[in-house]
Amino acid sequence: MNHKRKIVIDPITRIEGHLRIEVEIDEDNIVREAWASGQLFRGIETILKGRDPRDAALIAQRICGVCTNVHYRASISAVEDAYGIVIPRNAEIVRNLVTLSLFVQDHIVHYYHLHSLDFVDVTGALAADCDKAEEEAEKWCDNPYRNAHGHLEKVKEKLQGFVKAGRLGLFANGYWGHTAYRLTPEQNLVHMNHYLEALRIQREISAAIAIFAGKTPHPQNLVVGGVTSVADMLNPQRLNDFMFIIKEVRDFIERAYIPDMKMMVHVYRDSILAGEGRASGNFMACGGYRFGKNGILFESGVIRGHDFTHIEPFDPSNITEEASRSWYENDAPLSPYAGETNPFYTDLNADGTLKTEGKYSWVKAPRYGGEVMEVGPLARMVVGVVKNSPIIRPYMERFMEQTDLELIHFSSGVGRNAARAVEAQICCDYLFDMMSDLIENIKYYDETTWTKYVFEALPLEASGAGIFEVPRGVLGHFVRIEEGKIANYQAVVPTTWNASPKDAQNQRGAYEESLIGMKLADPSAPLEILRVIHSFDPCLACAVHVIDIKGTELSRYKIAPLCSL
């Protein structure tokens, strides 16, 4: 008789927002079914209705407290697309400098501070021999980052102080000692050294972003038609400050992040070869980020079923969203321009579990030509290799040669992280090229940063989209304007693609598919599930705003971080 048990993890922590994962396991502790559920209603699209299109971005960037810049930019670009406004080249470069800096920051923060502790046993580092830890780091890099014996001793002492004082803080609730941890004490110490260093690095990147963005999060430098950071763009010292920080960040990536990922690939090779965390193999990328005369950082394309011999062109008209398993009215697959966001919550089962045969998530189900797609660094790197990108392919081939991986191996939990590290390296390197473009323009007296337009002369009826590659994947903001006001607004975000629930055809989303067939060593401590879900870098809505027509707050909710197993 086949006995099935259900495991509920709610909320998944170390992510942006509230995510619930339920899985069904058999008597051998193998996952046979999975459900991913976004647990908060965002409602930003509803708030935007009836507003001036030029104001949309300031509200839309509040969709997230991490990815503020990319929502801000996509929203501005959607309005520019609707009105046919082409921004100056300098404005595009400044926008790219800010966005790609966010890529680098996001990838470093994700791996070290949100995900690495799924592989790194913090308490295991306390048994490390610092001499051996030095030697371990030198296996993966000729000149490891801050690897002196004395420095490693101080890192170890700091960790010991946390433990002795009972002040583990964010380290307190890990599955320390779990049999799925494989790093040696010395490897754990090397990683924890870089974990602490990354706290400083991510702060420095924030300072670099703020040079052109005004502040971060929630920057203020974009307007319909261009950018406002003119004084910073024309100040040689500000340009130098930006480049100084990026050089320091590149040093960290080359001497810490990439070497640590090589170590992870070596230690978790069995997991990679087994394809643990592999989804359907449908990858989608929209491409973008120009530099130089003809350069483009990311390629666009669609790959289906891990078929790396064939790639289709990306066509945004193939994008639909449906809500047959989502808590909204109207289940039909709709174009984002015609999308609806009318809540229809159906509650949970009496025992608190999801109604898995009906609606079970606030996340909609976006589809491309009716199929599930995975988006993000893995999709971008795979598409880049298959399309023979002169930028992406050399970086990926070098990493594959150094780690003895093939392209299919990146389609796994650990491989997804390796692709993200390579992408961080690419983005950081090409920030220098984009800065060179900006300096060259200024040198020849091109200081234009805004395209002039007269709003009253613009059409009253229009529609447009801002579609970009952002740290977690393809982001699209779609706006329809009627009588000069926003009539409909939809944001199809990367995590909506990856965290999608099942659809009317019962196709699982990427999160759900990536868990099927996984064997858990200990169902009471499902570390393997967290590893795979975190490998996507989940970013669900971080807040819900409920107001009445007078703008009065109706209620405020606080969700207790409990885990039900």
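It should be noted that the structure appears before, not after, this text.
From a predicted model like this one, the values you see are computed outputs, not experimental measurements.

Membership of the largest hydrophobic core comes to 132 residues, with the highest contact counts inside it found for Ile 108, Phe 242, Tyr 257 and Phe 410. Not counting chain neighbours up to four residues away, the residues in contact with Phe 242 comprise Leu 97, Ser 101, Ala 208, Ile 211, Phe 212, Leu 431 and Met 435. Counting residues in hydrophobic clusters, the runner-up holds 25 residues, among them Ile 9, Leu 19, Ala 499 and Leu 530.

Before going further, it helps to examine the pattern of salt bridges. Tallied over the entire structure, the rule returns 34 salt bridges. The closest approach of N and O atoms between Lys 6 and Glu 22, which form a salt bridge, is 3.4 Å. Of this pair, Lys 6 sits in strand E1 (residues 5-9) while Glu 22 is found in strand E2 (residues 19-25), placing the two residues 16 residues apart along the sequence. In this structure, Glu 80 and Arg 95 form a salt bridge, with 2.9 Å as the shortest nitrogen-oxygen distance. Residue Glu 80 is found in helix H3 (residues 68-83), and its partner Arg 95 is found in helix H4 (residues 89-115); the two are separated by 15 residues along the sequence. Arg 95 carries the same exposure label as Glu 80, and that label is buried. Linked by salt bridges that have partners in common, Glu 33, Lys 502, Arg 508, Glu 512 and Glu 513 make up one network.

A contiguous patch of negative charge on the surface is contributed by Asp 129, Asp 131, Glu 135 and Glu 138. Relative to the helices and strands, Asp 131 is located in helix H5 (residues 130-140). On the basis of relative accessible area, Asp 131 is assigned to the partly exposed category, the value being 42%.

As enumerated under the stated definition, the model contains 22 aromatic pairs in all. Judged by centre distance (5.9 Å) and plane angle (85°), the ring pair of Tyr 289 and Phe 298 falls under edge-to-face. Comparing Tyr 289 with Phe 298, the two get one shared label, buried. Pairing Trp 327 with Trp 362 gives two aromatic rings, centres 5.4 Å apart and planes at 65°, and the pair type is edge-to-face.

Bringing H4 into the picture now. Relative to the 39 Å expected for 27 residues at 1.5 Å per residue, H4 spans 37 Å between its end C-alpha atoms, a close match to the ideal helical length. H4 sits mainly inside the fold: 24 of its 27 residues count as buried.

What follows deals with helix H12 (residues 392-403). The end-to-end C-alpha distance of H12 is 17 Å, a good match for the 16 Å that 12 residues give at a rise of 1.5 Å each. Listed in full, the buried residues belonging to H12 are Ile 392, Tyr 395, Met 396, Phe 399, Met 400 and Thr 403. Seen along its axis, H12 keeps its buried residues to an arc of 130°; they face one direction. Looking at the buried positions of H12, the neighbouring elements they touch are helix H9 (236-267), helix H10 (269-273), strand E7 (295-303), helix H11 (377-386) and helix H13 (413-443). Backbone geometry just after H12 places Asp 404 at a positive phi near 60°.

With respect to the element layout, His 110 can be found in helix H4. Each residue touching His 110, except ones within four places of it in the same chain, is listed here: His 115, Asn 417, Arg 420, His 534, Ser 535 and Asp 537.

What follows concerns the sheet that holds strand E3 (residues 31-38). Where strands meet in a sheet, backbone hydrogen bonds hold them as pairs that are either parallel or antiparallel. Strand order in the open sheet formed by 3 strands is E1-E2-E3, with antiparallel pairing between adjacent strands. Either end of the sheet is taken by a strand with one partner, and the two such strands are E1 and E3. Across the sheet, the mean angle from the axis of one strand to that of its neighbour is 15°, orientation sign disregarded. Where E2 and E3 come together, 7 bridges link them in antiparallel fashion. The partner of Leu 19 across the bridge, within E3, is Gly 38. Contacts from helix H16 (residues 527-535) reach E1 and E2, with the element oriented near 130° to E2.

Turning our eyes to something else, we now look at unusual backbone geometry. Residue Pro 11 follows Asp 10 across a cis peptide bond; omega there is 0°. Mapped onto the fold, Pro 11 is located in the loop between E1 and E2. Going from Thr 216 to Pro 217, the amide bond is cis rather than trans, its omega being 0°. Along the polypeptide, Pro 217 turns up in the loop between helix H7 (185-213) and strand E4 (222-223).

Attention shifts here to the side chain of Thr 495. Of note, Thr 495 is situated in helix H14 (residues 494-498). Not counting the four nearest positions on each side in its chain, Thr 495 is found in contact with Val 363, Arg 472, Ser 500, Tyr 511, Asp 537, Pro 538, Cys 539 and Leu 540.

We now examine the sheet that holds strand E12 (residues 485-492). Spatially, E10-E11-E12 is the arrangement adopted by the 3 strands of the open sheet, whose pairing is antiparallel. The outermost strands of the open sheet, each flanked by one partner alone, are strand E10 (462-470) and E12. Looking at each pair of strands side by side, their axes are set apart by 15° on average, direction ignored. Where E10 meets strand E11 (residues 473-482), 9 bridges bridge the pair, whose relative direction is antiparallel. Pairing of Ile 467 across the sheet is with Gly 476, part of E11.

Turning to the pairing of E11, a few remarks are in order. Where burial is concerned, most of E11 is hidden: 8 out of the 10 residues are buried. In this structure, the hairpin formed by E10 and E11 is closed by a connection of 2 residues. Of the pairings in the sheet, the one linking E11 to E12 comprises 7 bridges and is antiparallel in character. Across the sheet, the residue bridging to Gly 476 is Val 492, located in E12. Following E11, the chain reverses through 2 residues before pairing antiparallel with E12; Glu 483 in that reversal takes a positive phi of roughly 55°.

Each value, and the rule that gives it
Residues numbered from 1 in each chain as written. Predicted model: local features only at pLDDT ≥ 70, side-chain atom pairs only at ≥ 80, totals over all residues. Heavy atoms only, no water. Core = buried A, V, L, I, M, F, W, Y, C linked by side-chain atoms within 4.5 Å. Buried < 20%, exposed > 50% of the residue type's maximum accessible area, 1.4 Å probe, protein only. Contact = heavy atoms within 4.5 Å. Salt bridge = Lys/Arg side-chain N within 4 Å of Asp/Glu carboxyl O. Helix = DSSP H or I, 4+ residues; strand = E, 2+ residues; numbered from the N terminus. Patch = residues over 30% accessible without salt bridge, like charges linked within 9 Å, V, L, I, M, F, W, Y side chains within 5 Å. Areas by Shrake-Rupley, 256 points an atom, 1.4 Å probe, with all protein chains shown as cover. Lys, Arg positive; Asp, Glu negative; His and termini not counted. Charge placed at Lys NZ, Arg CZ, Asp CG, Glu CD. Phe/Tyr/Trp six-rings, centres within 6.5 Å; stacked < 30°, edge-to-face > 60°. Expected span 1.5 Å × (residues − 1). Arc of directions from axis to C-beta. Pairing = 2+ DSSP bridges. Axes fitted to C-alpha atoms, helices over the stretch in contact; angles between N-to-C directions.

No statement about biological role is implied by the geometric values presented.
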